Amino acid sequence: MATDIAHTHAVEAAAVIGLLPSRPRVLALGEPTHGEETLLGMRNELFRRLVEEEGYRTIAIESDCVAGMAVDDYVTSGTGSLDDVMEHGFSHGWGAFPANRELVRWMRAHNEGRPASERVRFAGFDGPLEITHAASPRPVLTALHGYLAAHVDAGLLPCTAETLDRLIGADDRWTDPDAMTDPARSVGRSAEAGQLRLLADDLVALLDARAPHLRTVTSPDDWDRVRRYGRTATGLLRYHHAMADTTPARMTRLCALRDLMMAHDILALAERGPVLLHAHNSHLQREESTMRMWQGTVAWWSAGALVGAELGAEYAFVATALGTIRHQGVDTPPPDTLEGLLYALPEDRCLVDTARLAAALGDTPPAPRVSPWFGYAPLDPAHLTGIDGLVFVKDTRRSEAGNADEGDR
């Protein structure tokens, strides 16, 4: 079978674009596990070429969309320091990885001396969420309210800043890690949280209703920023409400709401130009995503599925599959699995045409691989028809920074 799928390409920008009918507005590169420097380094190399050769102008990763604004400020204008943005501009521990530091360093060097229209931008497209907790809505709600208070008549505001502060209360009520597994610890369905959800909706409605004027007195970057505050405020409060859910559907709702927030951020980024995404395969695939958690298996539609439904052919998804992660106990794949067939190819890494691969496999795809380690999700052969290209990497090396939170895909 290996000879039937041996038509491969180097992992290069031109080869990736060559698999697609046209250059997509959103091009997503997935990974089957988090925190492997081998994969992050490959991402950096490919994204650099896509920026330089194909005109992509935003690189967005699975990290906090609000914290990431500091990284964008640094790479576009030099605001702050590299050490500071790596410490405070990333979530999920991503700032500790050498390859992410190298990506930020390269983006800053690339932008030096270039006009704004040619600079590459950075963005996180995840919410301010961790597998252990969700953030307090205070920073985004107060930023949204402060912007509106400075630009519209006070009588149009649905509340004062003092009212928001009183309703939010202590931030540690919102960030209690025990609330992730104990809904009774969540404040998401308290009376105060209910009032905040209504006020957040009113503030976003006011922002939208006054947009014709506000856009004339606000720079495009500041307008993008305040819209992000609005999306994140409403999304966070919706997420906290779901954290207080006591029904069996609770984790399904939380996974779906997180990816919905991601999708809204991706679509907003795509409004300003072509975007490169990097995240776990499960957040970018077109098929329904599944994950086994402490309460059983949950299923939800990923950000990629939602964005793909909106953008159609302007969304493209290139998945990554792996042979081994020996330092995590993931050894040579069985030869009757998809990864096993690809492992028999001579290349250490390659780009595979998934349409040709699916045709070569015929009507009886190989058995799905079973991972001995929870942090790695093998590629489901049944998903090949929803993937525009497949990067296969034979072997990974141990990461210097350790793995990101593999439980938080």
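Residues numbered from 1 in each chain as written. Predicted model: local features only at pLDDT ≥ 70, side-chain atom pairs only at ≥ 80, totals over all residues. Heavy atoms only, no water.

An unreviewed UniProt entry annotates the protein as Erythromycin esterase originating from Streptantibioticus cattleyicolor.

Moving on to the environment of Asn-100. In this structure, Asn-100 sits in helix α5 (residues 98-111). The spatial distance from the C-alpha of Asn-100 to the C-alpha of Asn-44 is 8.3 Å, given a sequence separation of 56 residues. Ignoring any residue separated from it by four or fewer positions in sequence, one finds Asn-100 in contact with Leu-40, Arg-43, Met-86 and Trp-94. Only 2.7 Å separates the side chain of Asn-100 from the side chain of Arg-43, close enough to count as a polar contact. (Helix = DSSP H or I, 4+ residues; strand = E, 2+ residues; numbered from the N terminus. Contact = heavy atoms within 4.5 Å. Polar contact = N/O pair within 3.5 Å; in protein donor to acceptor, adjacent residues only side chain to side chain.)

Applying the stated criterion across every chain, the model contains 22 salt bridges. The partner of Arg-326 in a salt bridge is Asp-395, and the shortest N-O contact between them spans 3.6 Å. Note that Arg-326 is positioned in the loop between β8 (315-324) and α14 (338-343) and Asp-395 in strand β10 (residues 389-395), a separation of 69 residues in sequence. Arg-326 sits in the partly exposed class, given a relative accessible area of 45%. Taking relative accessible area as the criterion, Asp-395 reaches 33% and is therefore assigned partly exposed. Bridged by salt links that share partners, the residues Glu-62, Asp-126 and Arg-258 form one connected network. (Salt bridge = Lys/Arg side-chain N within 4 Å of Asp/Glu carboxyl O. Buried < 20%, exposed > 50% of the residue type's maximum accessible area, 1.4 Å probe, protein only.)

Mapped onto the fold, Arg-138 is located in helix α6 (residues 138-151). Engagement of the side chain of Arg-138 in a polar contact is seen with the backbone oxygen of Gly-169, the distance being 2.2 Å. Of the polar contacts made by the side chain of Arg-138, one reaches the side chain of Asp-171; its length is 2.9 Å.

The next thing to look at is the sheet that holds strand β1 (residues 8-9). Taken in spatial order, the eight strands line up as β1-β9-β10-β8-β2-β5-β3-β4 in an open sheet, and their pairing is mixed. A strand with exactly one partner marks an edge of an open sheet, and here the two such strands are β1 and β4 (121-126). Where strand β2 (residues 26-31) and β8 come together, four bridges link them in parallel fashion. By the bridge assignment for β8, Leu-29 is matched with Val-318. (Pairing = 2+ DSSP bridges.)

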